[in-house]
Amino acid sequence: MKLLFTNFHDGDGGGHTTYIIGLAQGLAGRHEVHVAAPPGSRLNREARAIDGVRVLDQPFPNGLGRLPARRRARRQLADVLRRERFDLVHVNGSADHRLVMSAVRGMRPRPPIVLTKHNSKPMTGPGHAWRSRFGTDQVIAVCDFVRRQLLASPYKRCRVATVFNGVDIDRFTPREPEPEQCAAWLAPDTGADPLLIGSNAGTARYKGWMDLVEAMASLAPDERARLRVVLAGGIPGAEELARIEALGVAPQVHFTGRLADVRPMVAALDAGFVLSWDVETISFACREIMAMGKPVLVSDYAGLPENIRQGEDGWVVPARDRVAIADALRALLAARASLPAMGAAARAHAQAEFGMDRFVDATEAVYAALVADFSNKA
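Residues numbered from 1 in each chain as written. Predicted model: local features only at pLDDT ≥ 70, side-chain atom pairs only at ≥ 80, totals over all residues. Heavy atoms only, no water.

Chemist: Please explain the nonpolar core as it appears in this structure.
Modeler: One broad trend across soluble globular proteins is that nonpolar side chains are buried collectively. Core analysis: the biggest nonpolar cluster contains 87 residues, and Val53 and Leu81 have the highest contact counts within it. Those residues within four positions of Val53 in sequence are excluded, and the remaining contacts are Ala24, Ala28, Val33, Val35 and Ala47. Trp209, Ala215, Met216 and Ala324 belong to the second largest nonpolar core, which has 32 residues in total. (Core = buried A, V, L, I, M, F, W, Y, C linked by side-chain atoms within 4.5 Å. Buried < 20%, exposed > 50% of the residue type's maximum accessible area, 1.4 Å probe, protein only. Contact = heavy atoms within 4.5 Å.)

Chemist: Is there a simple way to explain the pairing of strand E5 (residues 113–117) in this structure?
Modeler: As a general feature of sheets, a regular strand has side chains that alternate between the two faces. In terms of residue burial, E5 counts as a mostly covered element, since 5 of its 5 residues are buried. With burial as the criterion, each face of E5 is covered, one bearing Ile113, Leu115 and Lys117 and the other bearing Val114 and Thr116. In this structure, strand E4 (residues 88–91) lies alongside E5, joined through 3 bridges in parallel fashion. In the sheet register, Val89 faces E5, and the bridge partner there is Ile113. With helix H4 (residues 94–103) bridging E4 and its parallel neighbour E5, the resulting β-α-β unit is right-handed. In this fold, E5 hands off to helix H5 (residues 126–134), which returns the chain to strand E6 (residues 138–141); that crossover is right-handed. (Helix = DSSP H or I, 4+ residues; strand = E, 2+ residues; numbered from the N terminus. Pairing = 2+ DSSP bridges. Right-handed = clockwise from strand over helix to strand, strands pointing away.)

Chemist: Honestly, the side chain of His90 in this entry has me stumped. Any pointers?
Modeler: On the secondary structure map, His90 appears in strand E4. Under the relative-accessibility criterion, His90 is labelled buried at 0%. In terms of polar contacts, His90 uses its side chain to reach the side chain of Thr116, at 2.7 Å. Those residues in contact with His90, other than ones at most four positions away along the chain, are Leu4, Phe5, Thr6, Tyr19, Leu23, Val114, Leu115, Thr116, Ile140 and Tyr367. (Polar contact = N/O pair within 3.5 Å; in protein donor to acceptor, adjacent residues only side chain to side chain.)

Chemist: Teacher, can you tell me more about the sheet that holds E4 here?
Modeler: The parallel open sheet is built from 7 strands, whose spatial order is E3-E2-E1-E4-E5-E6-E7. With partners counted over all chains shown, the strands left at the sheet margins are strand E3 (53–57) and strand E7 (159–162), one partner each. On average, each strand axis in the sheet is inclined to that of its neighbour by 20°, with strand direction left out of account. In terms of strand pairing, strand E2 (residues 32–37) meets E3 through 5 bridges, oriented parallel. The residue bridging Val35 from the neighbouring strand is Val55, located in E3. Together, strand E1 (2–6), E2, E3, E4, E5 and E6 form the strand contacts of helix H1 (residues 14–27), whose direction differs from that of E1 by roughly 165°. Across the face of the sheet, helix H6 (residues 144–151) comes into contact with E5, E6 and E7 while running at roughly 165° to E7. (Axes fitted to C-alpha atoms, helices over the stretch in contact; angles between N-to-C directions.)

Chemist: Is there a simple way to think about the packing of helix H12 (residues 284–291) against helix H14 (residues 339–353) in this case?
Modeler: Helices that pack against each other are described as a pair by the angle of their axes relative to one another and the distance between those axes. The N-to-C vectors of H12 and H14 enclose an angle of 115°; their axes lie 7 Å apart at closest approach. Across the interface between the two elements, Arg287, Met290 and Ala291 of H12 pack against Ala346, Arg347, His349, Ala350 and Glu353 of H14. Considered class by class, the residues forming the contact of H12 with H14 number 4 nonpolar, 1 polar and 3 charged. (Nonpolar A, V, L, I, M, F, W, Y, C, P; charged D, E, K, R; others polar.)

Chemist: Any chance you could explain the pattern of salt bridges here in plain terms?
Modeler: Pairs can form between side chains of opposite charge once their charged atoms are near each other. For the structure on display, the rule yields 25 salt bridges. Arg205 serves as the salt-bridge partner of Glu240, at 2.8 Å between the closest nitrogen and oxygen. Here Glu240 is found in helix H10 (residues 238–247), whereas its partner Arg205 is found in the loop between strand E8 (195–199) and helix H8 (209–217), with 35 residues between them in sequence. (Salt bridge = Lys/Arg side-chain N within 4 Å of Asp/Glu carboxyl O.)

Chemist: How should the packing of aromatic side chains be read in this particular structure?
Modeler: The description of an aromatic ring pair rests on the distance of the ring centres and on the angle between the ring planes. This model, assessed by the stated rule, comprises 4 aromatic pairs. Here the aromatic rings of Phe5 and Tyr367 are separated by 6.4 Å at their centres, their planes lie at 55°, and the arrangement is tilted. Of this pair, Phe5 sits in strand E1 while Tyr367 sits in helix H15 (residues 356–377); the two residues are 362 residues apart in sequence, bridging distant segments of the chain. Like Phe5, the residue Tyr367 is buried in the burial classification. When the ring centre of Phe354 is taken as reference, the NZ or CZ atom of Arg287 above it lies at 3.9 Å. (Phe/Tyr/Trp six-rings, centres within 6.5 Å; stacked < 30°, edge-to-face > 60°. Lys NZ or Arg CZ within 6 Å of the ring centre and 35° of its normal.)

Chemist: Looking at this model, I keep getting lost on unusual backbone geometry. Mind explaining?
Modeler: Most peptide bonds take the trans configuration, and most residues that are not glycine carry a negative phi. Between Arg108 and the following residue, Pro109, the backbone shows a cis peptide bond with an omega angle of -5°. Looking at where Pro109 falls in the secondary structure, it is placed in the loop between H4 and E5. Note the cis peptide between Ala187 and Pro188, where omega equals -5°. Along the polypeptide, Pro188 turns up in the loop between helix H7 (179–185) and E8. Positive phi, close to 50°, is recorded for Asp193, a residue that is not glycine. The residue Asp193 is located in the loop between H7 and E8 in this model. Even without a glycine there, the phi angle at Ala302 is positive, about 50°. Its location among the elements puts Ala302 in the loop between strand E12 (296–299) and strand E13 (314–317). Residue Ala302 is classed as buried on the basis of its relative accessible area, which comes to 12%.

In structure tokens:
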């Protein structure tokens, strides 16, 4: 098959980029893979490093104030679509979905369009009704929660498949922590061998990390003194930093900044956490932590609980419930000796269900069925 992936993000792109890069790497040896992404984006840059993947510098301008740029982008994309005659176009957000729909207008035959829903936002309103009817042939849900959302939306008229996100379990594998970095994240050194918990899910507010910091601050002094927190992602703003200072736990909360490689940080953890309360679906970060052999504390938001076997390889708490999070932190301290065994269970779970081959093969099967159906109708 000749495949085109599109994504509108002109920066990091988060899980969208991770998702497309995984598919492009997995499918490049089997199919002709093209990626259309804004110049300068992480997706554009990383896709260029994959052997056999062709990358198009394609902007996806959005908004009424950018109509001239949007017309230019549409012409460019339409020219590519007519010249290349892709078997399938896989869109990953509203802005690129709209531009692809506009660019294929009048094409006969047009390529089937696949949409992956990467967040938990409701799919309501006239825009979704229009796109579901006239510009979507297949929708991929990345977890069961998203599938239920889709089946309650205008996209229920489309073909809907659930393909759980995969992670590279050979890259994200258990490894020994690096002592120097561990020492920095375990500071201050009180001689008490503190328990280190952390997250590589980023520091956006909706990731719930401040809920964990607030919960930690509510613990008794002797309990609080036995905990350290490390967070990978952008350094929070002054308001969040001032709040951590006011809670009296600033020396125990460490921010790494954005990391090119999160594995050394994850390797240092006793346990991970992803406590999102918005936007999230199933979380690449959670699956990466589990693949590295760490149990994970998650909120009951969206698809996060679908990662966890409660009490076996992690724990689930109500989203934003700081009392429940504090109770979970106490339980971690009390059960510290069992954390390595829970981490081994998390790794085994990841090996059985989170692997990249499983993810790529399942997505490829969705493509093949859709393309065959379109060919038969033609």
